[in-house]
Amino acid sequence: MRDIHALLKQRHRLGPLEPRKGGLAFVTVPRENLRGLLLELRDTHGFTHLVLLTAVDWMEDGLFQLTYMLNNRGRDLTLGIRVMIDREEAQGDTIHDMWPTAATYQRELKEMFGIDFPGSPRLDEEFILEGWTDLPPYRRDFDSLAYSQQTYAERPGRVTHDPREYMKSKLYPDGV
């Protein structure tokens, strides 16, 4: 993986290579370098399989992290390409023309995080959350407790436990 990183670094703005176990590594790139890098990885370096596209909400930093996991099956290598985008104007670049399966990931990220991918097919059609009108539920500022209390009626006879106290009573029944 280090040899590929060294070659790519000559043509693209890349962060440091972050190796993990086995053939897994991560690298962070500026958004404007993403498409060229993905094309080179796919067409020149054998990373032909888009394993997944996912997001992390770094709410405190005002950013979303998009991670594109690519796999080179011939060399058993997996490279995670990280791109940081602004959380308030969350917009990524569509790659459905490079990997058609990316359209599904992009639809999910639009619905669950509110990240837009202009030009991606069927992006505004309901995907998982039919009729959803609230804040996207995977955003960290979505209050799942308030949503549940507003949406669902309390069931009579159901006891709710504070998780911390409940586990304490189970782990330490004698209070020690």
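That block above? That's the structure.
Here the structure is a predicted model, which means the values were calculated and not measured.

Caption draft 1: Just the overall build of the protein, in detail. Summing up its helical and strand segments, the protein has five helices and five strands in all. In the protein, the succession of helices and strands from N to C terminus is α-β-β-α-β-β-β-α-α-α. Taking 16 Å as the expected radius of gyration for a compact globule of 176 residues, we find that the protein reaches 21 Å, considerably beyond that expectation. Overall size of the protein, expressed as C-alpha extent along the three principal axes, is 65 × 45 × 30 Å. In the protein, buried positions account for 38% of the 176 residues. Taking the contacts inside the protein whose residues are at least 6 apart along the sequence as the reference set, 51% of them involve residues at least 24 apart. With the model as given, the accessible surface of the protein reaches about 11,000 Å², and the carbon-plus-sulfur share is 51%. Taking the average place of the 23 positive charges on the side chains of the protein and the average place of its 28 negative ones, the gap between the two points comes to 7 Å.

Caption draft 2: Examining the sheet that holds strand β5 (residues 77–86) more closely. The sheet built from five strands is open, its strands ordered β1-β2-β5-β4-β3 with mixed pairing. Strands with a single pairing partner mark the edges of an open sheet, and in this sheet they are β1 (18–19) and β3 (49–58). Of the pairings in the sheet, the one linking strand β2 (residues 24–28) to β5 comprises five bridges and is parallel in character. Residue pairing in the sheet places Ala25 in a bridge with Leu79 of β5.

Caption draft 3: Expanded view of the pairing of strand β4 (residues 63–72). The buried fraction of β4 amounts to nine of the 10 residues, a majority that puts the element mostly inside the structure. The hairpin turn running from β3 into β4, its antiparallel successor, is four residues long, and Gly62 in that turn takes a positive phi close to 70°. Pairing geometry for β4 and β5, over 10 bridges, is antiparallel. Across the sheet, residue Leu70 finds its bridge partner in β5, namely Leu79.

Caption draft 4: Quick peek at the pairing of β2. Pairing analysis gives two bridges linking β1 to β2, with the strands arranged antiparallel. The partner of Glu18 across the bridge, within β2, is Phe26. Between the antiparallel neighbours β1 and β2 lie four residues, among them Gly22 with a positive phi of about 60°.

Caption draft 5: Highlighting the pattern of salt bridges. Under the defined criterion, the tally for this structure stands at 16 salt bridges. Between Arg35 and Asp97 there is a salt bridge whose closest N-O contact spans 2.2 Å. Placement of the pair is Arg35 in helix α2 (residues 34–43) and Asp97 in the loop between β5 and α3 (102–113), with a sequence separation of 62 residues. Under the relative-accessibility criterion, Arg35 is labelled partly exposed at 34%. Residue Asp141 pairs with Arg139 through a salt bridge whose shortest N-O separation is 3.6 Å. Given the relative accessible area of 12%, Arg139 is considered buried. The network of salt bridges with common partners includes Asp57, Arg87, Glu88, Arg139 and Asp141.

Reading guide: rules and limits
Residues numbered from 1 in each chain as written. Predicted model: local features only at pLDDT ≥ 70, side-chain atom pairs only at ≥ 80, totals over all residues. Heavy atoms only, no water. Helix = DSSP H or I, 4+ residues; strand = E, 2+ residues; numbered from the N terminus. Rg over C-alpha atoms; globule rule 2.2 N^0.38 Å. Buried < 20%, exposed > 50% of the residue type's maximum accessible area, 1.4 Å probe, protein only. Contact = heavy atoms within 4.5 Å. Areas by Shrake-Rupley, 256 points an atom, 1.4 Å probe, with all protein chains shown as cover. Lys, Arg positive; Asp, Glu negative; His and termini not counted. Charge placed at Lys NZ, Arg CZ, Asp CG, Glu CD. Pairing = 2+ DSSP bridges. Salt bridge = Lys/Arg side-chain N within 4 Å of Asp/Glu carboxyl O.

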